[in-house]
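Chain and residue survey
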Amino acid sequence: MMMEKWRASRRFLRCSAAVSLFDRILTPTSANSACNSAFGFVNHRGSQLCNENQKRKIGTCFHFLRGDRDTTLRTSMGTGIGSTVGLQHRCFGSAASKVQRNPLFSTLNSDDISYFKGVLGEKNVIQDEDKLMIANTDWMRKYRGSSKLLLQPRSTEEISQILRYCNSRCLAVVPQGGNTGLVGGSVPVFDEVVINLSLMNNVISFDKVSGILVCEAGCILENLMTYLDTQGFIMPLDLGAKGSCQIGGNVSTNAGGLRLVRYGSLHGNVLGVEVVLANGDVLDMLGALRKDNTGYDLKHLFIGSEGSLGIVTKVSILTPPQLSAVNLAFLACKDYYSCQKLLVEAKRKLGEILSAFEFLDNLAMDLVLNHLEGVRNPLPPSMHDFYVLIETTGSDEAHSKEKLEAFLLHAMEVGLISDGVLAQDINQALSFWRVREGLSEALLKVGACYKYDLSLPIEKLYNLVQEMRERLGASAKVIAYGHLGDGNLHLNISTPQYDDKILAQIEPFVYEWTSMHRGSISAEHGLGLMKANEIFYSKSTNVFSIAREMQNNLDTDLCTYWNMEVRAKRLS
């Protein structure tokens with residue numbers, strides 16, 4: 001009876017069979033400032049003055065930035081937006097100070113190169129210009145450094161030796177994982193030594209009873225997902241960048257992704273980390289226990305710290321068992337209010353099987369249909385104002401189907417959805433996800449893009465989109481999508497070229513609006529270079545002060561310093 005009613009609706013939503021879908025060294029020009037960043041997030045923490053009577057030391061800046069796209073896209077540096085739009089070098093925002101290289105940092109010499117070759121071997125000390133170009137340029141092709149050296153360590157001990165040496169020589173470094181970040185945090189600002197962890201890509205152990213995986217930081221997320229699939233488990237994290245991003249970067253940025261609504265953040269899934277500090281000391285916190293109540297749980301300082309406290313070299317993570325009943329629905333809604341109501345109903349009626357709830361608006365759908373090859377409208381021929389992807393994951397196919405069918409029937413009867421289709425096989429499911437995951441790639445193809453990753457109260461989330469469209473008018477397209485299930489908006493302003501006048505219309509308005517509604521200016525992308533000076537829109541000065549004190553305590557040489565007045569007055 002239920003399905004007869006559903007067939008009588010505008011479109012028959014076909015339920016699939018039981019298939020699994022898872023198969024810097026900165027100095028502002030302003031006076032009395034040594035570092036215009038928020039506790040080192042900009043890239044490179046300052047050094048104390050080096051002279052003949054004082055050993056040169058560096059509070060080395062590290063920060064992995066998880067990214068959002070595939071490897072194939074990152075390797076085409078000479079084409080596309082890089083040649084038609086140009087690079088917006090080291091741009092903090094409309095009101096930020098210009099930066100210049102801190103003269104207290106040393107420059108590379110032949111002795112440094114010889115030392116690194118002695119530690120790593122010839123082939124892992126990279127000076128090739130083409131390889132350095134890739135390492136120096138971010139995925140958005142918006143930020144570019146000028147590093148002359150790329151190091152590829154193979155072990156924690158090698159990283160320790162590198163950092164101990166750089167600390168003694170006052171050489172700045174920038175760690176790099178998959179280099180898929182979207183806020184300019186995974187590339188050099190100037191001539192920092194790049195430490196790339198790609199060769200540290202081994203699975204150390206996996207416990208099939210507990211589901212605890214221990215691996216090195218350079219493991220690519222998709223490779224871990226493939227490995228776990230053979231063991232009957234899944235990663236609790238899934239990103240559009242899974243083909244390139246590395247688990248060390250994911251942890252260092254507390255990456256969120258598509259299934260946070262089901263499995264929570266990495267603060268809940270990461271059980272332990274191994275970290276190398278700026279002076280080369282190794283912190284072994286690589287626990288594999290669900291419970292350990294022996295004092296402070298210091299690993300949480302490094303999860304989401306963007307490398308400002310040290311380089312994550314190994315990770316212990318709890319992985320859920322793979323469940324057989326996975327279904328994906330692609331739905332249309334008439335307005336944003338219907339999307340909100342649909343989310344509330346999904347949480348109530350789908351409960352424990354709800355594993356993803358994503359949304360995109362009509363401009364986002366139009367973008368992928370017109371600029372991504374092979375992408376088709378899942379709901380032809382009409383275009384709708386809003387689209388929602390709902391994924392469910394359960395252990396009982398019949399039970400999951402029954403719950404999902406009942407939910408969809410009720411949602412259509414009360415007018416929350418106007419059309420929809422269920423994936424009938426894994427290929428169709430992947431085509432649905434391609435629409436959502438391909439949005440950043442499509443944006444890159446049409447021109448310049450100002451990207452904002454915001455956490456906001458769900459009921460007010462789309463108000464910012466509407467206000468931004470009114471503010472910018474015909475000068476730019478405002479495209480919205482995101483993880484509606486956890487209140488994460490990806491706000492994208494697309495223009496033919498980067499334009500300072502348009503940027504001045506966007507910033508600081510977008511940050512002020514977010515702060516006024518008690519949101520976060522970075523939901524999952526991190527601060528990086530782009531938003532380092534804007535941290536006070538989300539964190540109070542006293543919270544910042546405590547964080548600074550913690551970092552000073554971890555910097556055993558006490559060589560880091562800040563200008564405490566940076567940006568604080570903007571919020572007073």
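What this report covers is the structure whose coordinates are included nearby. Nothing here was measured: the structure is a model prediction, and the numbers come from that model.

Secondary structure assignment for the chain yields 20 helices and 18 strands. Of the roughly 22000 Å² of accessible surface on the chain, 49% is carried by carbon and sulfur atoms.

Right, let's talk about helix 14 (residues 397-413) for a bit. Since one α-helical turn is 3.6 residues long, residues separated by three or four positions face the same way. Across its 17 residues, helix 14 extends 24 Å between first and last C-alpha, which sits within 8% of the 24 Å expected from 1.5 Å per residue. Taken residue by residue, helix 14 has Glu-397, Ser-400, Lys-403, Leu-404, Glu-405, Phe-407, Leu-408, Leu-409, Ala-411 and Met-412 as its buried positions. Two or three places before Ala-398, at the opening of helix 14, Asp-396 has a side-chain oxygen 3.0 Å from that residue's backbone nitrogen. The first or second residue beyond helix 14 is Gly-415, which carries a positive phi of 85°.

As a further point, take the sheet that holds strand 15 (residues 419-422). With respect to topology, seven strands assemble into an open sheet ordered 15-12-14-13-17-18-16, the strand pairing being antiparallel. A strand with exactly one partner marks an edge of an open sheet, and here the two such strands are strand 15 and strand 16 (448-455). Here the strands of the sheet are splayed against their neighbours by 15° on average, with no regard to which way each runs. Lying on the sheet, helix 12 (residues 336-349) is in contact with strand 12 (325-333), strand 13 (354-361) and strand 14 (386-394); it crosses strand 13 at an angle near 180°.

This paragraph deals with the sheet that holds strand 5 (residues 173-176). Within the open sheet, the four strands sit side by side as 3-4-6-5. Their pairing is mixed. Bordering the open sheet on either side are strand 3 (125-126) and strand 5, each of which pairs with just one other strand. Two elements, strand 4 (residues 150-151) and strand 6 (residues 193-196), share two bridges in a ladder whose sense is parallel. Residue pairing across strands places Leu-151 opposite Ile-195, the latter belonging to strand 6.

With that settled, consider the packing of helix 17 (residues 461-472) against helix 19 (residues 509-516). It is at 11 Å that the axes of helix 17 and helix 19 come closest, and there the two elements cross at 150°. As the angle between them shows, helix 17 and helix 19 are arranged roughly antiparallel. As for how helix 17 packs across helix 19, the hand of that crossing is right-handed. Between helix 17 and helix 19, the residues in contact are Asn-463, Leu-464, Glu-467, Met-468 and Arg-471 and Phe-509, Val-510, Trp-513 and Thr-514, respectively. Its residues placed into classes, the contact of helix 17 with helix 19 shows five nonpolar, two polar and two charged.

Right, let's get into the packing of aromatic side chains. This model, assessed by the stated rule, comprises 16 aromatic pairs. The interplanar angle of 90° and the centroid separation of 6.2 Å between the aromatic rings of Phe-206 and Tyr-227 together place this pair among those described as edge-to-face. One end of the pair, Phe-206, is in strand 7 (residues 203-207); the other, Tyr-227, is in helix 7 (residues 221-231), and 21 residues separate them in sequence. By relative accessible area, Tyr-227 is classed as partly exposed at 27%. Relative to Tyr-511, the ring of Tyr-452 lies with its centre 5.9 Å away and its plane at 75°, an arrangement referred to as edge-to-face. Taken as a pair, Tyr-452 in strand 16 and Tyr-511 in helix 19 lie far apart in primary sequence, 59 residues in all. Each member of the pair, Tyr-452 together with Tyr-511, is buried. Pairwise contacts between aromatic rings join Tyr-336, Phe-359, Phe-386 and Tyr-462 into one cluster.

Definitions and limits used
Residues numbered from 1 in each chain as written. Predicted model: local features only at pLDDT ≥ 70, side-chain atom pairs only at ≥ 80, totals over all residues. Heavy atoms only, no water. Helix = DSSP H or I, 4+ residues; strand = E, 2+ residues; numbered from the N terminus. Areas by Shrake-Rupley, 256 points an atom, 1.4 Å probe, with all protein chains shown as cover. Expected span 1.5 Å × (residues − 1). Buried < 20%, exposed > 50% of the residue type's maximum accessible area, 1.4 Å probe, protein only. Polar contact = N/O pair within 3.5 Å; in protein donor to acceptor, adjacent residues only side chain to side chain. Pairing = 2+ DSSP bridges. Axes fitted to C-alpha atoms, helices over the stretch in contact; angles between N-to-C directions. Contact = heavy atoms within 4.5 Å. Parallel < 35°, antiparallel > 145°, perpendicular 65-115°, else oblique. Left-handed = near helix turned anticlockwise from the far one by under 90°. Nonpolar A, V, L, I, M, F, W, Y, C, P; charged D, E, K, R; others polar. Phe/Tyr/Trp six-rings, centres within 6.5 Å; stacked < 30°, edge-to-face > 60°.

From the geometry alone we can't say anything about function, so treat these as descriptive.
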